[in-house]
Amino acid sequence: MRFPLLVLHVSAGILAMLAGAFAISFRKGSQRHRTTGNMFVICMLIVSAVGAWLAFRKSEADNVLGGIFTFYLIATAWATAKHGEAEIWTLDWATPPAALAVAAIWFFWGIEVTRGRMAVGAQSSAGGYFFFGVLALLCAAGDVRMLFRGGVSGRQRLSRHLWRMCFGWFVATISFFLGQQQVFPHWLQGSTVLVVLAFLPLLLLFFWLARVRFASAYRQQQVQSDADLFPGRR
């Protein structure tokens, strides 16, 4: 049973990385962007869910929580695109507790590693735990803010969708290009090429966030972009 799941995990991961690259390359709101974006979401949900299950079977607590958090990021990014302007769903009320629970676990592990208790995540650093703990805490704060504002709209809506999708994509690329270097030729292992490919989603994320939030030329196209990206959901 484990081998078919492993094949599904790897296959969906490769497709997710390719679909992510195409989705961010195509014009936002175009049919090609929506098609590749939907493929990316489906593949990433499969990757994170199956990865968390496989990690659970191997007692790899780090990867279990990483898979859950990645599933959360992609699911909330997808939901943001499906929401109407200033609209929330009943299920949205479940996202802050989920993010807070993930953050609490990562903070706890970080403290345990700092104190020299290595029973959990012996190969991980306290800094990594605290970084993802802070990230999950910020996600929870963003969820709460959205709920009490009755939803998000405009640039805030697009930014929320964009950064969560891209960071989920980043988790996939860094896990593959840096975490699975043994599958690459020996001369390529540890190379700058793999580092660049791993961090490319973050670079593109910063570029698009800056363009969405600060570029005046992009602001002039914002209304039309939102209408294209979220058709029929205003």
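Residues numbered from 1 in each chain as written. Predicted model: local features only at pLDDT ≥ 70, side-chain atom pairs only at ≥ 80, totals over all residues. Heavy atoms only, no water.

Participant: Mind showing me how you'd approach the side chain of Ser48 here?
Facilitator: Within the secondary structure layout, Ser48 lies in helix α2 (residues 31-57). On the accessibility criterion, Ser48 (4% relative accessible area) is buried. In terms of polar contacts, Ser48 uses its side chain to reach the backbone carbonyl oxygen of Leu45, at 3.2 Å. With residues up to four places along the chain from it excluded, the contact list for Ser48 reads Gly67, Thr70 and Phe71. (Helix = DSSP H or I, 4+ residues; strand = E, 2+ residues; numbered from the N terminus. Buried < 20%, exposed > 50% of the residue type's maximum accessible area, 1.4 Å probe, protein only. Polar contact = N/O pair within 3.5 Å; in protein donor to acceptor, adjacent residues only side chain to side chain. Contact = heavy atoms within 4.5 Å.)

Participant: Is there a simple way to think about a nonpolar patch on the surface in this case?
Facilitator: Residues Phe3, Leu6, Val7, Val10, Ile14, Leu15, Leu18 and Phe22 make up a contiguous nonpolar surface patch of about 710 Å² in total accessible area. The topology assignment puts Leu18 in helix α1 (residues 2-25). Among the residues examined, Leu18 registers a relative accessible area of 46% and is labelled partly exposed. (Patch = residues over 30% accessible without salt bridge, like charges linked within 9 Å, V, L, I, M, F, W, Y side chains within 5 Å. Areas by Shrake-Rupley, 256 points an atom, 1.4 Å probe, with all protein chains shown as cover. Salt bridge = Lys/Arg side-chain N within 4 Å of Asp/Glu carboxyl O.)

Participant: Teacher, can you tell me more about the environment of Leu205 here?
Facilitator: Examined against the element boundaries, Leu205 turns out to sit in helix α7 (residues 192-214). Along the backbone, Leu205 and Trp169 are 36 residues apart, and their C-alpha atoms lie at a distance of 9.9 Å. Once residues within four sequence positions are removed from consideration, Leu205 is found in contact with Leu162, Trp163 and Cys166.

Participant: Would you explain unusual backbone geometry in this entry?
Facilitator: Note on backbone geometry: most residues besides glycine have negative phi, and most peptide bonds are trans. The phi torsion at Ser59 lies on the positive side, around 60 degrees, for a residue other than glycine. Position of Ser59 among the secondary structure elements: in the loop between α2 and α3 (61-82). Accessibility expressed as a relative area gives 66% for Ser59, which makes it exposed. Backbone geometry at Ala86 places phi at a positive 50 degrees, although glycine is not the residue there. For Ala86, the position within the fold is in the loop between α3 and α4 (95-114). Take Ala86: its relative accessible area is 46%, and that puts it in the partly exposed class.

Participant: Help me out: how do you make sense of the pattern of salt bridges in this one?
Facilitator: Two side chains of opposite charge can pair, provided their charged atoms sit close to one another. Evaluation of the coordinates by the stated rule reveals 5 salt bridges. Here Glu60 ties to Lys58 by a salt bridge, and the two come within 3.4 Å at their closest N and O atoms. Judged by relative accessible area, Glu60 falls into the partly exposed class, the value being 29%. With relative accessibility at 43%, the residue Lys58 sits in the partly exposed group. Taking the shortest distance from any N to any O, the salt bridge between Asp143 and Arg160 comes out at 3.0 Å. On the criterion of sequence distance, the pair formed by Asp143 in helix α5 (residues 126-148) and Arg160 in helix α6 (residues 154-177) is long-range, its members being 17 residues apart. A residue is classified by how much of its surface remains accessible, and Asp143, at 0% relative accessible area, is buried. Residue class for Arg160 comes out buried when judged on its relative accessible area of 9%. Beyond isolated ion pairs, a larger network of salt bridges with shared partners links Asp143, Arg160 and Arg164.

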